[in-house]
Amino acid sequence: MTELSDAAYAKRLIGCLDLTELSDDRAADKADRLLEKARTPFGPVAAVCVWPDHVKRAAIAVRGTPIQIATVVNFPGGEEPWEQTQHDIRLALANGATEIDVVVDYRRGVEDPHAVTFSVRQVKDAAGGLPVKAILETGMLDDIDDMQLLAGAALTGGADFVKTSTGKVKTGATMEAAEALLDAIAAAGTGGLKVSGGVRGFAEAKAYADLAARKMGEAFVGPKTFRIGASSLLTDLVAVAGGEQSSATSGSGY
Ligand SMILES: O=C[C@H](O)COP(=O)(O)O
């Protein structure tokens, strides 16, 4: 993506953004403020990502646009009983969700990757064919091998994306984690990457997209296979897309 100007690059990244509001207080007015920003002067974001309670208002807010409505289940701990997750998925679908982000049981997953494959398959079935993003919480894993193991297990279970982080633990996305997940995607021959957790500035987002383009080819960096999930990135992307200087400082470990 070397020949793109910063403004053009930022515009492309807006189209790959999962604009996220997952504050712990689950306040409806915060969701409303986020939803107002999803259509930018430089095009729509890829998706909004909200708590299940806010899926209905999101569906109304983005009606008539290509913006997807993502929600989170088994979130953020990854240890809820299946019945709860199944219930949340059913409700989310009934309310208009079009993408499901599920936290895998990353604490047990390294010892038992088949359980991750099984649980992702269950979610995929319950989601009725909608895209499923498996959140691996890479900041809680010991090393690259564990990240690749979990990513491979999730992709075997049918995950459409493997996603780094919930944004709820100290370490969010890192370049090392993104690279590990891309290697797992390449090995599986299927799947997309969602980088999330602490991504706040244009330069950081661009570094992840450059990495994905370098490893997978430039066509990979589009909303079908590449997303950035972030609550605080859009302002900077819009500024850069509009020809202004980035004013963000680095947020995560890139
Ligand atoms: O799924 C995305 C994350 O929750 C967003 O994390 P963030 O608030 O650090 O951008």
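Structural data are supplied above this passage.
Residues numbered from 1 in each chain as written. Predicted model: local features only at pLDDT ≥ 70, side-chain atom pairs only at ≥ 80, totals over all residues. Heavy atoms only, no water.

(A) Region of interest: helix α6 (residues 113–126). With 14 residues, α6 should cover 20 Å at 1.5 Å per step; its first-to-last C-alpha distance of 20 Å lies within 8% of that length. Taken together, the buried positions of α6 are Val116, Thr117, Val120, Val123 and Lys124. Down the axis of α6, the buried set is contained in an arc of 130°. They therefore lie on one face. Turned more than 90 degrees from where α6 packs its buried face, His114, Phe118 and Asp125 sit exposed. The inward-facing, buried residues of α6 abut α4 (82–95), β6 (99–103), α5 (106–109), β7 (132–135) and α7 (144–156). Two residues or fewer after α6 comes glycine 128, characterised by a positive phi angle close to 60°. (Helix = DSSP H or I, 4+ residues; strand = E, 2+ residues; numbered from the N terminus. Expected span 1.5 Å × (residues − 1). Buried < 20%, exposed > 50% of the residue type's maximum accessible area, 1.4 Å probe, protein only. Arc of directions from axis to C-beta. Contact = heavy atoms within 4.5 Å.)

(B) Up close: the packing of aromatic side chains. According to the stated counting rule, one finds 2 aromatic pairs in the structure shown. Residues tryptophan 51 and phenylalanine 75 carry aromatic rings whose centres are separated by 5.5 Å and whose planes lie at 85° to one another, so their mutual orientation is edge-to-face. On the criterion of sequence distance, the pair formed by tryptophan 51 in the loop between β4 (47–50) and α3 (55–61) and phenylalanine 75 in the loop between β5 (68–73) and α4 is long-range, its members being 24 residues apart. Of the two residues, tryptophan 51 and phenylalanine 75, both sit in the buried class. For the cation-ring pair, arginine 26 lies above tryptophan 51, with the distance from its terminal atom to the ring centre recorded as 3.7 Å. (Phe/Tyr/Trp six-rings, centres within 6.5 Å; stacked < 30°, edge-to-face > 60°. Lys NZ or Arg CZ within 6 Å of the ring centre and 35° of its normal.)

(C) Structural context of the nonpolar core. The biggest cluster of nonpolar side chains holds 82 residues, and the ones touching the most others in it are Leu13, Leu136, Leu193 and Phe226. Other than its neighbours up to four places away in sequence, leucine 193 contacts Phe161, Val162, Ala178, Leu181, Leu182, Ile185, Phe220, Thr225, Phe226 and Arg227. (Core = buried A, V, L, I, M, F, W, Y, C linked by side-chain atoms within 4.5 Å.)

(D) Representation of the environment of alanine 177. For alanine 177, the position within the fold is in helix α8 (residues 175–188). Expressed as a C-alpha distance, the spacing of alanine 177 and threonine 138, which sit 39 residues apart in the sequence, is 6.4 Å. When near neighbours in sequence (up to four residues on either side) are disregarded, alanine 177 contacts Thr138, Met147 and Thr164.

(E) Layout of the layout of surface pockets. Roughly 270 Å³ of volume is contained in the second largest pocket. Lining the second largest pocket are 19 residues, and of these Asn74, Gly78, Glu80, Asp105 and Ser119 lie nearest its centre. Considered class by class, the residues forming the lining of the second largest pocket number 9 nonpolar, 6 polar and 4 charged. (1 Å grid on protein atoms, 1.4 Å probe; cavity = no way out; pocket = protein on both sides within 12 Å on 5 of 7 lines; lining within 4 Å. Points joined across faces, edges and corners; volume = space filled by probe spheres on them. Nonpolar A, V, L, I, M, F, W, Y, C, P; charged D, E, K, R; others polar.)

(F) Structural detail: the pairing of strand β9 (residues 192–196). Taken across its 5 residues, β9 has 5 buried, putting it largely inside the fold. Two strands pair when backbone bridges link them, and strand β8 (residues 161–163) and β9 are joined in this way by 3 bridges, in the parallel orientation. Residue pairing in the sheet places lysine 163 in a bridge with lysine 194 of β9. Crossover handedness for the path β8 to α8 to β9: right-handed. Pairing geometry for β9 and strand β10 (residues 226–230), over 4 bridges, is parallel. (Pairing = 2+ DSSP bridges. Right-handed = clockwise from strand over helix to strand, strands pointing away.)

(G) Local environment of the pairing of β10. Among the 5 residues that make up β10, 5 are buried, leaving the element largely enclosed by the rest of the structure. Neither face of β10 is left uncovered, since the one carrying Phe226, Ile228 and Ala230 and the one carrying Arg227 and Gly229 both have all their residues buried. Sheet analysis places strand β1 (residues 17–21) next to β10, joined by 3 bridges and oriented parallel. Of the residues in β10, the one forming a bridge with aspartate 18 is glycine 229. One crossover worth recording links β9 to the parallel β10 by way of helix α9 (residues 202–216), and it is right-handed.

(H) Layout of the side chain of serine 196. Mapped onto the secondary structure, serine 196 falls in strand β9. Separated by 2.7 Å, the side chain of serine 196 and the backbone oxygen of serine 165 make a polar contact. If sequence neighbours within four positions are ignored, serine 196 has contacts with Lys163, Thr164, Ser165, Gly172, Ala173 and Gly229. (Polar contact = N/O pair within 3.5 Å; in protein donor to acceptor, adjacent residues only side chain to side chain.)

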